[in-house]
Amino acid sequence: MTRAGSGGLVVEAEVTRGSFTLAVSLAANAGEVLGLLGPNGAGKSTLLSAVAGLTPVSAGRITLDGQVMDDADAGTFVEASGRPVGFVFQNYRLFPHLTVADNVAFSPRARGLSRRAARSAASHWLDRLGLTDLADRKPGQLSGGQAQRVALARALAGQPAVLLLDEPLSALDAGTRLDVQAELRRHLADFTGPCLLVTHDAIEALVLADRLVVLEGGRIVQEGTPEQIARQPATDYVAKLVGLNLYAGQADGSRVALTGGGNFVITDHGQHGDVLVALRPSAVVVSTEPPQPGSARNTWPAKITGLTLLADRVRLNLEGQPSALVDVTPAAVAELSLSPGSQVWLTTKATELEVYSGSDGRSAEPHDAAAP
Amino acid sequence: MVTRTAPSHLTARERARRAARGGASQSVPAPLLAPALIAVAFLVLPLVGLLVRAPWRHIGAALSGSDATQALVLSLWTATTTTAISLVIGVPLAWLLARTRFPGQRLLRALVTLPLVLPPVVGGVALLLAFGRTGLIGRYLNSWFGLTIPFTPLAVVMAETFVAMPFLIITVEGALRSADQGFEEAAATLGAKRMAVFRRITVPMIAPSLGAGAVLCWARALGEFGATITFAGSFPGQTETMPIAVYYALESDPDAAIALSLVLLLVSVVVLVSLRDRWLRGGSVP
């Protein structure tokens, strides 16, 4: 399958590292932020590494704006230093022996500018990212948020055609993360080339990315806008990430027989065959007595196996047909005296169930998640 | 049935110490303590002897009365030249050993480290056989260029380099192996070619090890005796370095020998102090 158009970044390649193989086909257009979402070991960083030229592909090719960067069949390979790539590494990798200004001037200098020209290019980017006051500091004297900005300035100062960000916010504490995230969003909007953003944080992906690719075990399992993926996750991993219950089952008009046991009554859109059902944890009602017949069409017994206090609510882990995650208020936990082992009834309306076949035609069956 | 020890007295000071160190009993068993003390005495007493017997009153005369100044100057410049040469050719070799893969690499590493364990006098003989007037290479140097290496200051430098450079190489190679290559990758993505990465990232990052390796190499060169006397001889002012001067002075002028030894001891102490962060902290390997 070949992607149309020669602009932007096109990766149709396999990368083998030991027993792990990453096999992907994706394209990122100019100005687009493509989020790469996936669990540890899914191959996200390997993909960035291949685009940057730090790891050669073992099959297939990578092109950037129509120019071949790596082609295993033709034997073409552009060294990392020759690729117009800006890479923001997970722990930033700021050169500890150079000042902030020299870190940012590194790429212009390495790409052939004179010392003076490199310095003035650096000062432009320092100014743009509000780092001028920190120009003479060493990386060891920076806060996490500042280091992140320096890393971004350093990557952008080389005037790259593609920007690669490997979990740019993961090294930050929760407090500064939101500020830096908002700032990063602005800077990414200014960047005119394609941008690949690796993350395993759902919020980060939803806020920063225009489009998401979900990688698991070296394969793309889902692709789409953040909204699509948040509403209709294709795998358990994504469902957990966005905080949804996800069930696979067989639809037959207004009824879904779940693969793991149990049934749901759904609104009938004439769906048949393999489907996925997504259910928000807040869309389930918990009661300690069998509920009176009402408008809710789905009622089933379950046992509480765990309670977790989230910011403003309590998430219940429930075992039943089917099992579910359910969010309730702390007050409800107290009133109903819910505790592990409690037997309860769960109720949800058919209209709360999002029923869909695996999005963009990819299968939703379980796959091996093993990867180094 | 478990045997129980009767409670013993624990002073408040010992309690505080154990609490701070988090350890159990700190008492040392006698079978370990006695040999350890013997070892200390063995290492320290000779130095004490040197200090006690030193001709403190007329040390200046003892030093100037012999060829001491000449020997000291020769030793200092040959050791420094050796270190410079080792940096220029040894660091690239360390990089090759640490960062590349090629056939015969293990053998090469073994050969490079061989002078560390080889008796220096054997090194001197080997140098003589290679670079001597009739040696493997020396015969051509002699017949084509009229160049004779043995028994010249150049021979001193070569002997010292043969013995001392491996110290620099293994120190730098170790540093290159343990250095975080992520920084070099980052530099590559920023457009730096391999040589630029080496110059602007690798070298500055291993600078402390480079310094330590250079000091170690210099100290070893300064103390070199066996290879030097074999390959370069002992002509005062030409090839007679400090250790060789000490050795000969011991027969003719013991006071001068002691005074010269004190100078070398002083230099060694300075070297040790300069390396204290790396070696005297305990547990860390250079």
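Definitions and limits used
Residues numbered from 1 in each chain as written. Chains lettered and ligands numbered in written order. Predicted model: local features only at pLDDT ≥ 70, side-chain atom pairs only at ≥ 80, totals over all residues. Helix = DSSP H or I, 4+ residues; strand = E, 2+ residues; numbered from the N terminus. Rg over C-alpha atoms; globule rule 2.2 N^0.38 Å. Buried ≥ 20, exposed ≤ 12 C-beta atoms within 10 Å, placed from the backbone. Contact = placed C-beta atoms within 7 Å. Axes fitted to C-alpha atoms, helices over the stretch in contact; angles between N-to-C directions. Parallel < 35°, antiparallel > 145°, perpendicular 65-115°, else oblique. Left-handed = near helix turned anticlockwise from the far one by under 90°. Nonpolar A, V, L, I, M, F, W, Y, C, P; charged D, E, K, R; others polar. Expected span 1.5 Å × (residues − 1). Bend = angle between axes of the 7 residues up to and from the residue. Arc of directions from axis to C-beta. Pairing = 2+ DSSP bridges. Domains from an automatic or database assignment.

## A word on the overall build of chain B
- Within chain B, the regular secondary structure consists of 15 helices and zero strands.
- Taking 19 Å as the expected radius of gyration for a compact globule of 286 residues, we find that chain B reaches 25 Å, considerably beyond that expectation.
- Structurally, chain B occupies a C-alpha span of about 85 × 65 × 35 Å along its principal axes.
- Looking at chain B as a whole, 33% of its 286 residues qualify as buried.
- Across chain B, every contact between residues at least 6 apart in sequence was considered, and the portion connecting residues at least 24 apart equals 75%.

## Description of unusual backbone geometry
All names here are of chain A.
- Going from Gln321 to Pro322, the amide bond is cis rather than trans, its omega being 0 degrees.
- Mapped onto the secondary structure, Pro322 falls in the loop between strand 18 (314-320) and strand 19 (324-328).
- Backbone geometry places Arg93, a non-glycine residue, at a positive phi of 50 degrees.
- Along the chain, Arg93 falls in the loop between strand 7 (85-88) and helix 2 (100-110).
- On the neighbour-count criterion, Arg93 (24 C-beta atoms within 10 Å) is buried.
- Residues other than glycine seldom take positive phi values, yet Glu167 does so here, at roughly 40 degrees.
- Within the secondary structure, Glu167 is located in the loop between strand 8 (162-166) and helix 5 (174-190).

## Focus: the packing of helix 4 (residues 68-99) of chain B against helix 8 (residues 153-178) of chain B
Residue and element names in this part refer to chain B.
- Direction vectors running N to C along helix 4 and helix 8 enclose 40 degrees, while the axes themselves pass 7 Å from each other. Of the possible angle classes, the one that applies to helix 4 and helix 8 is oblique. Read as a crossing pair, helix 4 and helix 8 show a hand that is right-handed.
- Across the contact of helix 4 with helix 8, the residue classes break down as 18 nonpolar, six polar and four charged.

## A closer look at helix 8 of chain B
Residues and elements named next belong to chain B.
- Compared with an ideal rise of 1.5 Å per residue, which puts 26 residues at 38 Å, helix 8 spans 37 Å between its outermost C-alpha atoms and is within 8% of the ideal.
- The principal kink in helix 8, of about 40 degrees, is found at Phe162, preceding the proline Pro166 by one to four residues.
- Most of helix 8 is tucked away: 21 of the 26 residues are buried.

## Structural notes on the interface of chain A and chain B
- Residue-level contacts link 16 residues of chain A with 14 residues of chain B.
- With three residues, helix 2 of chain A is the largest single contributor of residues to the side of chain A that touches chain B.
- Its residues assigned to classes, the side of chain A that touches chain B shows nine nonpolar, four polar and three charged.

## A word on the packing of helix 13 (residues 242-252) of chain B against helix 14 (residues 254-274) of chain B
Residue and element names in this part refer to chain B.
- Contact geometry of helix 13 with helix 14 gives a least axis separation of 7 Å together with a crossing angle of 155 degrees. Considered as vectors, helix 13 and helix 14 are oriented roughly antiparallel to each other. Here helix 13 and helix 14 pass one another in a crossing that is left-handed. Residue-level contacts link Met242, Ala245, Val246, Ala249 and Leu250 of helix 13 to Pro254, Ala256, Ala257, Leu260, Ser261 and Leu264 of helix 14.
- Residue classes in the contact of helix 13 with helix 14 are distributed as 10 nonpolar, one polar and no charged.

## Notes on helix 3 (residues 115-128) of chain A
Residue and element names in this part refer to chain A.
- The terminal C-alpha atoms of helix 3, which comprises 14 residues, lie 20 Å apart, in line with the 20 Å expected from a rise of 1.5 Å per residue.
- Among all positions in helix 3, only Ala118, Ala121, Ala122, Trp125 and Leu126 are buried. Taken end-on, helix 3 shows its buried residues confined to a sector of 140 degrees, consistent with a single buried face. Across from the buried face of helix 3, at angles greater than 90 degrees, the exposed residues are Arg116 and Asp127.
- Next to the buried residues of helix 3 lie helix 2 and helix 4 (144-157).
- Within two residues after helix 3, Gly130 carries a phi angle of roughly 65 degrees, on the positive side.

## Section: the environment of Leu26 of chain A
Residues and elements named next belong to chain A.
- Along the chain, Leu26 falls in strand 2 (residues 20-28).
- Between the C-alpha atoms of Leu26 and Leu48, which are 22 residues apart in sequence, the distance is 12 Å.
- Contact partners of Leu26, with chain neighbours within four places excluded, come to Val11, Val213 and Ile220.

## Examining the sheet that holds strand 13 (residues 255-258) of chain A
Residues and elements named next belong to chain A.
- Strand order in the open sheet made by the five strands is 14-13-12-15-21, with antiparallel pairing throughout. Unpaired on one side and paired on the other, strand 14 (263-265) and strand 21 (354-356) mark the two borders of the sheet. Each neighbouring strand pair of the sheet contributes to a mean axis angle of 35 degrees, computed without reference to strand direction.
- Bridging between strand 12 (residues 245-252) and strand 13 involves four bridges; their strand directions are antiparallel. When the bridges of strand 13 are listed, Gly249 appears paired with Leu258.

## What to know about the domain arrangement of chain A
Residue and element names in this part refer to chain A.
- Per the domain assignment, the segments making up chain A are domain 1 (9-231) and domain 2 (236-360).
- Tallying the contact residues gives 11 residues for domain 1 and eight residues for domain 2.
- For the side of domain 1 that touches domain 2, the secondary-structure elements that each account for two or more residues are strand 10 (211-216), strand 11 (219-224) and helix 7 (226-231).
- Looking at the side of domain 1 that touches domain 2 element by element, the count peaks at four residues for helix 7.
- For the side of domain 1 that touches domain 2, a count of residues per class yields five nonpolar, three polar and three charged.

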